[in-house]
Amino acid sequence: MSTCCCGMGVTTDDPRFAELDAFMASVREQPGSLISVLHKAQQLFGFLPEEVESRIAHTMSIPLTDVYGVVTFYNLFNTQPVGKYAISVCMGTACYVRGAGRILDRFAEELGVQAGQVTDDRLFSLEVCRCVGACSLAPVVVVDGEVRQLKEADVPAVVAELRQRSELEALSQPVSARS
Amino acid sequence: MTTMRVPTRISSLLELEAVRAAGADVIALRQAMETPITEAPEVHLLVCGDTGCRANKSPLTRRTMEELVVEHGLADRVKVVQVGCFGFCKAGPVVVVYPGGTFYCHVKPQDCAEILLRHVMGGQPVERLLFTPNPKEKVRFHTTVDLPFYQGQVRRVLKNCGLINPESIDEAIAADRYFALAKALLEMTPDEVIAELKKSGLRGRGGAGFPTGLKWELCQKAVGDVKYVVCNADEGDPGAFMDRSILEGDPHGVLEAMAMAGYAIGAQQGYIYVRAEYPLAVERLKLAIRQARERGLLGKNILGTGFSFDIDIRLGAGAFVCGEETALIESIEGKRGMPRPKPPFPATAGLWQKPTLNNNVETYANIPQIVLFGADWFRQLGTEKSPGTKVFALAGQINNTGLVEVPMGTKLRDVVFTIGGGVPKGREFKAAQTGGPSGGCIPAEHLDTPLDFESLPALGTMMGSGGLTIMTDTACMVDLARFYLEFTQDESCGKCPPCRIGTKRMLELLEQICEGKGTHADIDQLERLAVGIRKGSLCGLGQSAPNPVLSTLRYYRDEYLAHVDDHKCPAGRCKALTEYQIDQELCKGCALCARSCPTDAIVGEVKHPFSIKIDLCIRCGNCYDVCKFHAVVR
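Bear in mind the structure is a predicted one, so any value in this text is a computation, not a measurement.

The rules behind these values
Residues numbered from 1 in each chain as written. Chains lettered and ligands numbered in written order. Predicted model: local features only at pLDDT ≥ 70, side-chain atom pairs only at ≥ 80, totals over all residues. Helix = DSSP H or I, 4+ residues; strand = E, 2+ residues; numbered from the N terminus. Rg over C-alpha atoms; globule rule 2.2 N^0.38 Å. Buried ≥ 20, exposed ≤ 12 C-beta atoms within 10 Å, placed from the backbone. Contact = placed C-beta atoms within 7 Å. Domains from an automatic or database assignment. Nonpolar A, V, L, I, M, F, W, Y, C, P; charged D, E, K, R; others polar. Pairing = 2+ DSSP bridges. Axes fitted to C-alpha atoms, helices over the stretch in contact; angles between N-to-C directions. Core = buried A, V, L, I, M, F, W, Y, C linked by C-beta atoms within 7 Å. Expected span 1.5 Å × (residues − 1). Bend = angle between axes of the 7 residues up to and from the residue. pLDDT = per-residue confidence, 0-100.

S.K.: Would you take a moment to explain the overall build of chain B for this structure?
M.R.: Check the secondary structure of chain B and you find 23 helices and 17 strands. Taking 2.2 N^0.38 as the reference for a compact globule, 634 residues should give roughly 26 Å; the C-alpha atoms of chain B span a radius of gyration of 26 Å, in line with that estimate. Taking the principal axes of its C-alpha atoms as reference, chain B extends roughly 80 × 65 × 40 Å. Going through the 634 residues of chain B one by one, you find that 56% of them count as buried. Put simply, of all contacts in chain B between residues at least 6 apart along the chain, 70% involve residues at least 24 apart.

The structure is reproduced here in structure tokens:
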């Protein structure tokens, strides 16, 4: 059976499941490895749709409700697709007192989405994170995995830079690989 | 990068000493202050590779420097080395040149050639890259000995951060790592290790300040065939980052201490629970564990003593409550990180219901030196009841941000004004926030408070993990309390109602007050709820969640009253209560405010007074911040 409920192309015969199965086999002997498996799955799929959670539950002989319970407990696990580029505005104390709120507002304005949402073109996810431990540079934003010290005025340039990066990547890919 | 290679497995003290001896020159060079650089047989350029400096593109600086060294044919004599955090993150990317210890700030790729040619080759320091508190003055500070930021600091826990390459176990051994473990295994009984720790008076650096030696003893005495050693690296306090820096700069110190803990309590397996938000720390830890295993310093029969101990990493996934020890244990077990009722305490029934010792990163990082140099040496610094040093993460509205290690009992004033360089010009110190979402504020009148485990609770706050966020007159304390309650309410795991419902109710009340809809009854209600939540919650998260509210009510009640009675936010943070206007007398018509306005709400003609269209104003405060004539009023 190969159905997809999320519209992101995760079907039960997705080749990424083979890698996930191999990872689960490698940690079978380790007690309490569910969170490691979920990290791996999210790394592979970008998020944790029902198909992925079901496979993990089945393979690890854990009730699906328990898997879902763990997924929804932790902030870093997503059950919805995320954007190609995650923009994560740090809202730790130091960032907050140095104006992270204004940076978040500016990103929301530039991207037309609120924190926790994804742009319609699925290019950007706007998120809020608690603290990345770069407090001495506050305010900071994690842009596509890279910690950056930003000012409110830098926001449009960051968005433009990522848009350009995405366009360049699309151009350098064969047509068949474009989605 | 050092080229020494001692590839064999280290299976005795003699072999460990041989590795240290092979790297002794490297360490000596990086501590040499007097040797003239042009005469030195070798020169080391230490580039900070901590998350902070990396965000300022320090890897680019390092690569450029490496390429230039090769280009100029200097590779035999000049080494470019990636090291851990120097602490002075504000100045990043930092490059320190040895011999001499010249401390260069904000080194960009285009500055590398000048450092190499002028300083390393020519012996003349590059003045413009030296630290100065005021660029207009000519005062420049050359080394960490001169820099005001390091005055009063004693780097014990951070001693190897900024000295060694954290990705090299040989350099770690050259800097004495694993010698404390060797001493414990070869010369001391488990009881003697614990006795030394108890004598040292070391208290847990994660927040609660529980005596570490006693914790180890309880765990040693607990009955169980299998025991575990856990390291809490889930540094959740937003505003604290010393654990991250220790793991990124000197991971072997933590591994060594955990192995000693295993020896002392009788455990063979350790787990480091580290936040997934710290990818570099995770990477360095993984590498350090692999290297230690390869060299036989973790695994079976360590140093030929028959003692076996291994360590695995467990990743968190973004849950503040997992910093609580029983929630952390649940999370290592792969479950939702919900705290367990205590007792039983983890020392008797922790991970998989086995006796478990749990200390935080900085606590472990203190232990090797206590074992090596003894409890009396440790007690030379700090106070009677809080011996040793404490690392603080200095951040917020302060000039010199970074990691600071000072003896316990150092006055807050010295940390803020000497080390921290005071608050930005034109601003006034208002509060130091310690203990994060579980702590409180220290107002200006208590600046002379000594920072230790006794003095802070007396002021209604706590040491916490060492976050020290400085706030000036631009911070609204009601808004700060709201910020923390929003945090704890969001991070409450939901297991016990006082925390789950109580923090939500408190947050609602604070939101009302910030919107100008609060009443005196709301303030009373906040205080009542605070007492109930503190008494009724299951774990430390809930029990301490009301602290930011109680602390700000204690010192800044007038601000709460201004919100309630006058519908004003004195600091101008609460948007609903702030209205900006331009004083027509003071405005010079420079248009700076109009250019900074994101909504084009400021109109006017250059050289004539400007004005704000209230209906367009989003109250962001940009105009207020940029106006040089104080013409924008609120």
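There is more to say after this.
S.K.: Explain the domain arrangement of chain B to me, please; I cannot follow it from the model alone.
M.R.: Residues and elements named next belong to chain B. Partitioning chain B into domains gives domain 1 (13-148), domain 2 (176-379), domain 3 (389-472), domain 4 (477-566) and domain 5 (579-633). For domain 2 versus domain 4, the separation of C-alpha centres amounts to 34 Å. Of the residues lining the interface, nine residues belong to domain 2; the matching set on domain 4 comes to seven residues. Split into classes, the residues belonging to the side of domain 2 that touches domain 4 amount to seven nonpolar, one polar and one charged.

S.K.: Mind showing me how you'd approach the interface of chain B and chain A here?
M.R.: How big an interface is tends to be stated in terms of the accessible area lost upon association of its parts. Listed per partner, the contact involves 41 residues of chain B and 35 residues of chain A. When residues of the side of chain B that touches chain A are traced back to their parent elements, those giving at least two are α2 (51-55), α12 (325-332), β9 (389-396) and β13 (467-472) of chain B. Per-class residue counts for the side of chain B that touches chain A are 18 nonpolar, 16 polar and seven charged.

S.K.: How should the domain arrangement of chain A be read in this particular structure?
M.R.: Domains assigned within chain A are domain 1 (16-73) and domain 2 (85-172). A separation of 29 Å is found between the C-alpha centroids of domain 1 of chain A and domain 2 of chain A.

S.K.: Please explain the sheet that holds strand β2 (residues 78-83) of chain B as it appears in this structure.
M.R.: Sheet strands pair via backbone hydrogen bonds, and the direction of the pair is either parallel or antiparallel. Residues and elements named next belong to chain B. What the four strands build is an open sheet, ordered β2-β1-β3-β4; its pairing is mixed. Edge positions in the open sheet fall to β2 and β4 (102-104), since each of these has one partner strand only. On average, each strand axis in the sheet is inclined to that of its neighbour by 20°, with strand direction left out of account. Bridge count for strand β1 (residues 43-48) against strand β3 (residues 95-98) is four bridges, and the pairing is antiparallel. For Leu45, the partnering residue across the bridge sits in β3 and is Val97. The strands touched by helix α4 (residues 112-121) within the sheet are β1, β2, β3 and β4, with β3 carrying the most contacts at an inclination of about 25°.

S.K.: Could you clarify how one ought to interpret the environment of B:Lys504 in this entry?
M.R.: Here B:Lys504 lies in helix α18 (residues 497-514). C-alpha separation for the pair B:Lys504 and B:Arg340, spaced 164 residues apart in sequence, amounts to 22 Å.

S.K.: I would appreciate a short explanation of the nonpolar core in the present structure.
M.R.: In summary, soluble globular proteins display a tendency toward joint burial of nonpolar side chains. Counting residues in hydrophobic clusters, the biggest one holds 230 residues, and the most contacted among them are A:Val140 and B:Met260. Ranked by the residues each element gives to this core, the list is headed by helix α10 (residues 251-265) of chain B, at ten residues. Not counting chain neighbours up to four residues away, the residues in contact with A:Val140 comprise A:Cys90, A:Cys95, A:Val132, A:Ala134, A:Val147, A:Arg148, A:Gln149, A:Leu150 and B:Ala55. Residues B:Ile582, B:Ile602, B:Ile612 and B:Cys627 belong to the second largest nonpolar core, which totals 13 residues.

S.K.: I would appreciate a short explanation of the sheet that holds β13(B) in the present structure.
M.R.: All names here are of chain B. Taken together, the five strands give an open sheet; going across it, the order is β10-β9-β13-β11-β12, and neighbouring strands pair in mixed fashion. Across the chains shown, the open sheet's two edge strands, defined by having one partner strand only, are β10 (402-407) and β12 (440-443). Adjacent strand axes in the sheet meet at a mean angle of 30°, parallel and antiparallel pairs treated alike. The sheet contact formed by strand β11 (residues 429-434) and β13 spans five bridges and is antiparallel.

S.K.: Just checking my understanding: could you explain helix α1 (residues 13-29) of chain B for this structure?
M.R.: In an α-helix, one turn spans 3.6 residues; hence positions three or four apart end up facing the same way. Residues and elements named next belong to chain B. Taking 1.5 Å of rise per residue, the 17 residues of α1 would be expected to cover 24 Å, and the 24 Å separating its terminal C-alpha atoms lies within 8% of that figure. Along α1, the largest kink reaches about 45° and is centred on Gly23. Within α1, the full set of buried residues consists of Leu16, Val19, Arg20, Gly23 and Val26. Buried residues along α1 sit against α5 (169-174) and α6 (179-187).

S.K.: Teacher, can you tell me more about the environment of B:Lys385 here?
M.R.: All names here are of chain B. Topologically, Lys385 is positioned in the loop between α14 (375-379) and β9. Separated by 173 residues in the primary sequence, Lys385 and Thr212 have C-alpha atoms spaced 13 Å apart. Setting aside its immediate chain neighbours within four residues, Lys385 contacts Phe453 and Glu454.

S.K.: Hey, could you run me through helix α9 (residues 242-249) of chain B in this one?
M.R.: With eight of its eight residues buried, α9(B) lies for the most part within the structure. When α9(B) is considered as a whole, its buried residues turn out to be B:Met242, B:Asp243, B:Arg244, B:Ser245, B:Ile246, B:Leu247, B:Glu248 and B:Gly249.

S.K.: What exactly am I supposed to notice about unusual backbone geometry here?
M.R.: Across residues other than glycine, the phi torsion is negative in most instances, and most of the peptide bonds are trans. All names here are of chain B. Of the consecutive residues Tyr98 and Pro99, the connecting peptide bond is found in the cis state with omega at 5°. Structurally, Pro99 is set in the loop between β3 and β4. At Arg619, a position not held by glycine, the phi torsion is positive, near 60°. Notably, His630 is not glycine yet its phi reads approximately 55°, a positive angle. Among the secondary structure elements, His630 is positioned in the loop between α23 (622-626) and β17 (632-633).

S.K.: Whenever I open this one, the confidence of the model for chain B confuses me. Can you help?
M.R.: In low-pLDDT regions, the fine details of the predicted coordinates are not to be read closely. Residue and element names in this part refer to chain B. Taken over all residues, the pLDDT of chain B has a mean of 93, while the share at 70 or more is 99%. Per-element confidence in chain B is highest for α10, whose mean pLDDT is 98, and lowest for α23, whose mean pLDDT is 85. Note on the complex model: pTM 0.93, ipTM 0.89.

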